[in-house]
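Fold and geometry: a report
Chain by chain, the residues:
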Amino acid sequence: MQPLLRSSLGKRLEMSGQISVDDAEVAKFSALAAEWWNPSGKFGVLHKFNPVRLAFIREQVTARFGRDPMAREPLVGLKLLDIGCGGGLLSEPMARLGALVTGADPSEKNIKTALVHAAEQGLAIDYRVAAAEDLAAEGMKFDIILNMEVIEHVRDPAAFMGVTAAMLKPGGVMITATLNRTFKSFALAIVGAEYVLGWLPKGTHQWEKFITPDELSGMLKSGGLVPREPVGVTYNPLSGEWRRARDTDVNYMALAERPH
Amino acid sequence: MHQDEVFDIAICGAGLNGLAAALAFGGPGNRTPLKVALVDQRDPALATQAGFDGRASAITQAARRMFEAMGVWDAIAPHAEPMREIMVTDGQTDGPRPALLNFGVEHQPSGPSAYMVENRHLLAALYEAVRAVAQITFKTGHKVERFSFTGPQAELHLTSGQIVAARLCVAADGRHSQARQAAGIETIGWAYGQSGIVTTVSHDGPHGGRAEEHFLPSGPFAILPLPGNLSSLVWTEDQLEADRLMALDDEAFLAELKRRFGEHLGAVRLAAPRQAWPLGLFIAKSLTAPRLALLGDAAHVVHPIAGLGFNLGLRDAAALADAVMGQFRLGLDPGGPQALQAYERWRRLDTVMVAAATDGLNRLFSNDIEALRFIRDAGLSVVERIDPLKRFFMREAAGLSGHLPRLMTGEPA
């Protein structure tokens, strides 16, 4: 590693008071980070998926908050929570766009990986080994909450949505992305992605836990939010690209606002 | 050793391609102007004053739109001569030259489809435009001692001890690109055993905006119209003959020139020093490496037969700007593998096609074997060849083929 990098890395890692990565661990987590961030590696499908999610977030958030989408840092000053942040695939872009990012994940391994990578990139992100309940208990509030591909993995989705929604400031927006419970999603997301294409490890998803747009909408409303029409995300096997679409049968994203 | 800040883009080479790329990334040609460093051992201010680059470039309509989007066309326009007609002949040096092709270049409502501009005017206009942009920082006067392309940023270690760090390094440092060599990117290609002699002539008669391409036995001899009664010459000769011609005094050189130039424009005089370049074709095996993108001559040198060198560089810059901004605006890594792959995919085919086409034209015409001449001039084969040839010139003259990057449609990146 370059001397320049090491000094900035040390500084960044000290800055985060929540969790520390000691020197002996840096190499290990740096290698893990390299794996997370390799577009043709194990998490390749997330990298392919990332631009369509990011474009949606940027477009929706700049419109709601009256920001210039062409600005260098259009989200400057906005407090953002990335719940279930993993290695930081969403947290880092949001920080580059100017948001004040808190990234939370229950896995210490993920958080240490994210921490090391953000330091290498020179990004200041508040990463925490925490569940939504922990942050809510601290009384944290956010302008933007990203709830991306998390809800289908939690034990009690309704309770989880209630806790996250409560952390949204008036006028704030929450963006949720998840998988619909349809025959098509079983065929594509379970059989296709896990068994045929091998994009995801087998057992990544349990189809029974997928959530329909109506169910999601109900949970958002119970949390005091106003949900908007969900948009679908579909995969084009010819171009290898994910695109926004009307078809919400498999992957979809939905925006909800907390009224002032 | 110190590093002030991390730039978004560090461009190696402040020549035509480097300056144009700087405007595409950091200038008014970009809706989200990036922080750009322009690194060159030479001071571009001296380059604009020193002697002058005797070459001229064809500026296609797409290139003109790009200049407009970057706010630099108004400074170029007074020095731009519209090409109204292109004539292509196949002939002996002293004998008759049958016209293979003669066509008026169609005038679009937006103006002529191509212009000729002397490189010194292009350089001056681009340099002035770059100087007016606060987002672009000149780091000139020092050599790059060492490049580092590992990790989240490229680092250029200058001999002054300064380190220029950027998310992406753009190599616009010419055919012998130091950045390309540092990244270990190999090239494929060959020398033609020919030299291109370049100069400017003045003549008594008006050229009427006509570009002439004479396919003489030793290689193409191009007369390209400049503003006023001036023309730019690109004169291809075998290496040895070129060396002989370059060694002649002005009077003897002019006599040789007249034999090829003809008398249709009246008396001819030399209006600039003559320069000669060895000709060759080469293409970098890859247009990218981690944290590095090649553009312009660093990526490809094609035969000057169609005056397309600089246009290829502009297309590179416009396509790279789109690829980089697509990532940057999403908060993704502007110098990461996705941006570089997008650029590589976009530019690879075009580069190879132009290189192959100009190479094929040169090979087809650079010989004086009677039998081949007969076949070339015989009706059917000529007709067969004219169509692809004409299409090639038309397509390239307008520069409007294929999927265009935003800047080439006149929209900022």
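Residues numbered from 1 in each chain as written. Chains lettered and ligands numbered in written order. Predicted model: local features only at pLDDT ≥ 70, side-chain atom pairs only at ≥ 80, totals over all residues.

1. Re the overall build of chain B
- Tallying secondary structure elements over chain B gives 12 helices and 22 strands in all.
- Burial analysis of chain B (413 residues in total) assigns 50% to the buried set.
- The contacts of chain B with a sequence gap of at least 6 include a subset with a gap of at least 24, amounting to 76%. (Helix = DSSP H or I, 4+ residues; strand = E, 2+ residues; numbered from the N terminus. Buried ≥ 20, exposed ≤ 12 C-beta atoms within 10 Å, placed from the backbone. Contact = placed C-beta atoms within 7 Å.)

2. Concerning the overall build of chain A
- From N to C terminus, chain A includes 9 helices and 9 strands.
- Relative to its length of 260 residues, chain A is compact, with a C-alpha radius of gyration of 18 Å against a globular reference of 18 Å.
- Within chain A, buried positions represent 42% of all 260 residues.
- Here the analysis covers contacts within chain A between residues at least 6 apart in sequence; of these, 67% occur between residues at least 24 apart. (Rg over C-alpha atoms; globule rule 2.2 N^0.38 Å.)

3. Quick look at the interface of chain B and chain A
- Taken together, the contact pairs 11 residues of chain B with 17 residues of chain A.
- Each residue belonging to the side of chain B that touches chain A can be placed in one class, and the counts come to 5 nonpolar, 5 polar and 1 charged. (Nonpolar A, V, L, I, M, F, W, Y, C, P; charged D, E, K, R; others polar.)

4. Structural notes on helix α1 (residues 16-26) of chain B
- Most of α1 of chain B is tucked away, with 11 of its 11 residues classed as buried.
- Those residues of α1 of chain B not exposed but buried are L16, N17, G18, L19, A20, A21, A22, L23, A24, F25 and G26 of chain B.

5. Things to note about the pairing of strand β8 (residues 241-245) of chain A
All names here are of chain A.
- Pairing of strand β7 (residues 231-236) with β8 involves 5 bridges; the strand directions are antiparallel. Following the sheet pairing, G232 is matched in β8 by A245.
- If you look at the hairpin formed by β7 and β8, you'll find 4 residues sitting between the two strands, and G240 has a positive phi there, around 70°. (Pairing = 2+ DSSP bridges.)

6. Considering the sheet that holds strand β9 (residues 114-118) of chain B
Residue and element names in this part refer to chain B.
- Read across the sheet, 3 strands follow the order β3-β9-β4 without closing on themselves; strand pairing throughout is antiparallel. Of all strands in the sheet, those with a lone pairing partner are β3 (56-60) and β4 (81-82), marking the two edges.
- Here β4 pairs with β9 via 2 bridges, running antiparallel. Residue pairing for β9: E81 is matched across the bridge by M116.
- In the packing of helix α3 (residues 61-69) onto the sheet, contacts are made with β3 and β9, and the angle to β3 comes to roughly 85°.
- Contacting β3 and β9, helix α5 (residues 119-131) crosses the sheet at an angle of about 85° to β9. (Axes fitted to C-alpha atoms, helices over the stretch in contact; angles between N-to-C directions.)

7. Considerations on the packing of helix α2 (residues 23-36) of chain A against helix α5 (residues 108-121) of chain A
Residues and elements named next belong to chain A.
- Two numbers describe how α2 lies on α5: the axes approach to 8 Å, and their chain directions differ by 90°. Classified by the interaxial angle, the pair formed by α2 and α5 is roughly perpendicular. Mapping the contact onto sequence places E25, V26, F29, S30, L32, A33 and W36 in α2 and K112, T113, V116 and H117 in α5. (Parallel < 35°, antiparallel > 145°, perpendicular 65-115°, else oblique.)

8. Concerning the pairing of strand β12 (residues 154-158) of chain B
Residue and element names in this part refer to chain B.
- When strand β11 (residues 144-148) meets β12, the two strands line up antiparallel, connected through 4 bridges. The residue of β12 that forms the bridge with V144 is L158.
- Adjacent in sequence and paired antiparallel, β11 and β12 are bridged by 5 residues, among which G151 carries a positive phi angle near 90°.
- Pairing geometry for β12 and strand β13 (residues 163-171), over 4 bridges, is antiparallel.

9. Some details on the nonpolar core
- Counting 105 residues, the largest nonpolar core has A10, I11, A24, L126, C169, V170 and L295 of chain B as the members making the most contacts within it.
- With 11 residues, the top contributor of residues to this core is helix α9 (residues 309-328) of chain B.
- Aside from chain neighbours lying at most four places away, what touches A24 of chain B is G29, N30, M70, A317, A318, A321, L407 and A413 of chain B.
- Counting residues in each nonpolar core, the second largest holds 70 residues, with C85, V101 and A165 of chain A together with L330 of chain B among its members. (Core = buried A, V, L, I, M, F, W, Y, C linked by C-beta atoms within 7 Å.)

10. Description of unusual backbone geometry
- If you check the backbone angles, E149 of chain A has positive phi at about 55° while not being a glycine.
- A residue is classified by how many C-beta atoms lie within 10 Å of it, and E149 of chain A, with 20 of them, is buried.
- In the Ramachandran plot, R291 of chain B falls in the positive-phi region, its phi being about 65° despite a non-glycine side chain.
- As for its position among the elements, R291 of chain B is in the loop between β20 (288-289) and β21 (292-294).

11. Things to note about the packing of α1 of chain B against α5 of chain B
Residue and element names in this part refer to chain B.
- Remark: α1 packs on α5, axes separated minimally by 9 Å, with the N-to-C direction vectors making an angle of 35°. The hand of the α1/α5 crossing is left-handed. Residues L16, L19, A20, A22 and L23 of α1 form the contact with α5, whose own contacting residues are N119, L122, L123, L126, Y127, A129 and V130.
- Its residues placed into classes, the contact of α1 with α5 shows 11 nonpolar, 1 polar and no charged. (Left-handed = near helix turned anticlockwise from the far one by under 90°.)

12. Quick word on the confidence of the model for chain A
Residues and elements named next belong to chain A.
- Per-residue pLDDT for chain A has a mean of 87; in total, 92% of the residues score no lower than 70.
- Least confident of the elements in chain A is helix α1 (residues 3-15), whose mean pLDDT is 41; most confident is strand β1 (residues 79-83), at 98.
- The low-confidence segment residues 1-17, where pLDDT is below 50, has 19 contacts with residues more than four positions distant or belonging to other chains. (pLDDT = per-residue confidence, 0-100.)

13. Here's the deal with the environment of L407 of chain B
Residues and elements named next belong to chain B.
- Inspection of the secondary structure puts L407 in the segment after α12 (379-398).
- In this structure L407 comes out as buried when scored by C-beta crowding, with 29 C-beta atoms within 10 Å.
- Separated by 337 residues in the primary sequence, L407 and M70 have C-alpha atoms spaced 8.1 Å apart.
- If we ignore the near neighbours within four places in the chain, the residues touching L407 are A24, G29, M66, A69, A318, A321 and A413.

14. Considerations on the environment of L292 of chain B
All names here are of chain B.
- As for its position among the elements, L292 is in strand β21.
- Taking the C-alpha atoms as reference points, L292 and V201, separated by 91 residues in sequence, lie 40 Å from one another.
- Not counting chain neighbours up to four residues away, the residues in contact with L292 comprise F149, A154, C169, A171, A179 and A183.

15. Examining the confidence of the model for chain B
Residues and elements named next belong to chain B.
- The pLDDT averaged across chain B works out to 83; a share of 78% of its residues lies at or above 70.
- Of the regions scoring below 50 in pLDDT, residues 368-372 engages in 2 contacts with residues more than four places distant in sequence or in other chains.
- Contacts from residues 378-384, a stretch scored under 50 in pLDDT, to residues over four places away or in other chains number 5 contacts.
- For this predicted complex, the interface score ipTM comes out at 0.86, while the overall pTM is 0.86.

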